[in-house]
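# Remarks on the overall topology
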Amino acid sequence: ERRSGDGVVPLRHRQPRRASQRLSHGALPEARSHGQIRVAVGSPAMTTAPARSPKDVAVIGAGSYGTCLAILAASAGHRVHFWCRGEAAAAELQATRENKLYLPGFRLPDGVTVTADLEAAVRGKQIVVGVTPSHAIRDVLGRAAAWLDPDVVVVNASKGLEDGTLQTIEQV
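One structure accompanies this document, and this report is about it. Not measured: the values here are computed from a predicted model.

### Things to note about the overall build of the protein chain
Secondary structure summary: the protein chain contains four helices and 11 strands in total. Looking at the protein chain residue by residue over its 172 residues, the buried ones come to 32%. Taking the contacts inside the protein chain whose residues are at least 6 apart along the sequence as the reference set, 57% of them involve residues at least 24 apart. About 11,000 Å² of surface is accessible on the protein chain, with carbon and sulfur atoms providing 53% of the total.

### Some remarks on the side chain of arginine 97
As for its placement among the helices and strands, arginine 97 is situated in the loop between α2 (87–96) and β7 (98–99). Buried charge without a partner: arginine 97 forms no salt bridge, and the closest opposite charge is aspartate 110, 5.0 Å away. At 2.5 Å, the side chain of arginine 97 and the backbone oxygen of proline 109 are in polar contact. Ignoring anything within four residues of it in the chain, the contact list for arginine 97 reads Glu92, Phe106, Arg107, Leu108, Pro109, Asp110, Val112 and Val114.

### Side note on helix α1 (residues 64–75)
The α-helix advances 3.6 residues per turn, and as a result positions three or four apart in sequence lie on the same side. The terminal C-alpha atoms of α1 lie 16 Å apart, and with 12 residues this matches the ideal 16 Å at 1.5 Å per residue to within 8%. Of all the positions in α1, only Gly66, Thr67, Ala70, Ile71, Ala73 and Ala74 are classed as buried. Down the axis of α1, the buried set is contained in an arc of 165°. They therefore lie on one face. Set apart from the buried face of α1 by more than 90 degrees, the exposed residues are Leu72 and Ser75. Looking at the buried residues of α1, the elements they touch are β5 (56–60), β6 (79–83), β7, β8 (103–107) and β9 (112–115). Directly beyond the C-terminal end of α1, a positive phi value near 100° is found at glycine 77.

### Describing the pairing of strand β10 (residues 127–130)
In the case of a regular strand, side chains alternate between the two sheet surfaces. Relative to β10, β5 is paired through four bridges, and the arrangement is parallel. Paired with isoleucine 60 across the bridge in β10 is glycine 130. With four bridges connecting them, β10 and strand β11 (residues 153–156) associate as parallel partners. Residue isoleucine 127 lies in a different strand from β11, and its bridge partner there is valine 153. Taken together, β10, helix α4 (residues 137–144) and β11 form a β-α-β motif whose crossover is right-handed.

### A closer look at the nonpolar core
Formed by 19 residues in total, the largest nonpolar core has its most connected members in Val59, Val80, Phe82, Leu108, Val112 and Val114. Every element with two or more residues in this core is listed here: β5, α1, β6, α2 and β9. The dominant element in this core, judged by the number of residues it contributes, is α1, at four residues. Residues contacting valine 80, with those up to four places away along its chain left out, are Val57, Val59, Ala70, Ala73, Ala74, Gly111, Val112 and Thr113. In this structure, Ala58, Val122, Ala136 and Val152 belong to the second largest nonpolar core, which totals 12 residues.

### Section: the sheet that holds β9
The five strands are arranged β9-β6-β5-β10-β11 in an open sheet whose pairing can be described as parallel. A single partner strand is all that each edge strand has here, and the edge strands are β9 and β11. Sheet twist, expressed as the average angle between the axes of neighbouring strands with direction ignored, equals 20°. Contacting β6 and β9, α2 crosses the sheet at an angle of about 155° to β9.

### Section: the environment of alanine 121
Its place among the elements puts alanine 121 in helix α3 (residues 118–122). Here alanine 121 falls in the buried class, since its relative accessible area comes to 0%. Each C-alpha atom, one on alanine 121 and one on phenylalanine 82, is 6.6 Å from the other, the two residues being 39 residues apart in sequence. Here alanine 121 is in contact with Ala58, Ile60, His81, Trp83 and Thr115, once residues within four sequence places are set aside.

Conventions used here
- Residues numbered from 1 in each chain as written.
- Predicted model: local features only at pLDDT ≥ 70, side-chain atom pairs only at ≥ 80, totals over all residues.
- Heavy atoms only, no water.
- Helix = DSSP H or I, 4+ residues; strand = E, 2+ residues; numbered from the N terminus.
- Buried < 20%, exposed > 50% of the residue type's maximum accessible area, 1.4 Å probe, protein only.
- Contact = heavy atoms within 4.5 Å.
- Areas by Shrake-Rupley, 256 points an atom, 1.4 Å probe, with all protein chains shown as cover.
- Lys, Arg positive; Asp, Glu negative; His and termini not counted.
- Salt bridge = Lys/Arg side-chain N within 4 Å of Asp/Glu carboxyl O.
- Polar contact = N/O pair within 3.5 Å; in protein donor to acceptor, adjacent residues only side chain to side chain.
- Expected span 1.5 Å × (residues − 1).
- Arc of directions from axis to C-beta.
- Pairing = 2+ DSSP bridges.
- Right-handed = clockwise from strand over helix to strand, strands pointing away.
- Core = buried A, V, L, I, M, F, W, Y, C linked by side-chain atoms within 4.5 Å.
- Axes fitted to C-alpha atoms, helices over the stretch in contact; angles between N-to-C directions.

Written out as structure tokens, the structure reads:
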């Protein structure tokens, strides 16, 4: 669920798409087209992945896990807005391109823009990855909900239970 000005609005759930088709054993290598996916039946080495277009992604949470996910998303060609709590920390991370506190030795790719502005981080993004600590998820994603597009895909990558309620992150 997400909060809007009029109350609680259920998020639309989507079924994940299969990235490949099951290959039949013993079949001759034969290319078949399934939408954007070309599957070479009987030969896994000949399978090609679908062409993917870059997405606008927000990663909310600048700990070690969030930093790693931001690096991976940008390395895959996506445009990443990386939300960091605190102006000074965000400015240092943007300037040095390294999270010296949580993930030293790993450079942020050029496709990552660091910001302390939560609205700028999530507004207009196609995918929002929540990686805040469990005790902050309700506050941070609750504030972000006002700026999320209706068709946004929200990915929960936070770990643990919420303090006080002992709810899983999905229940918060």
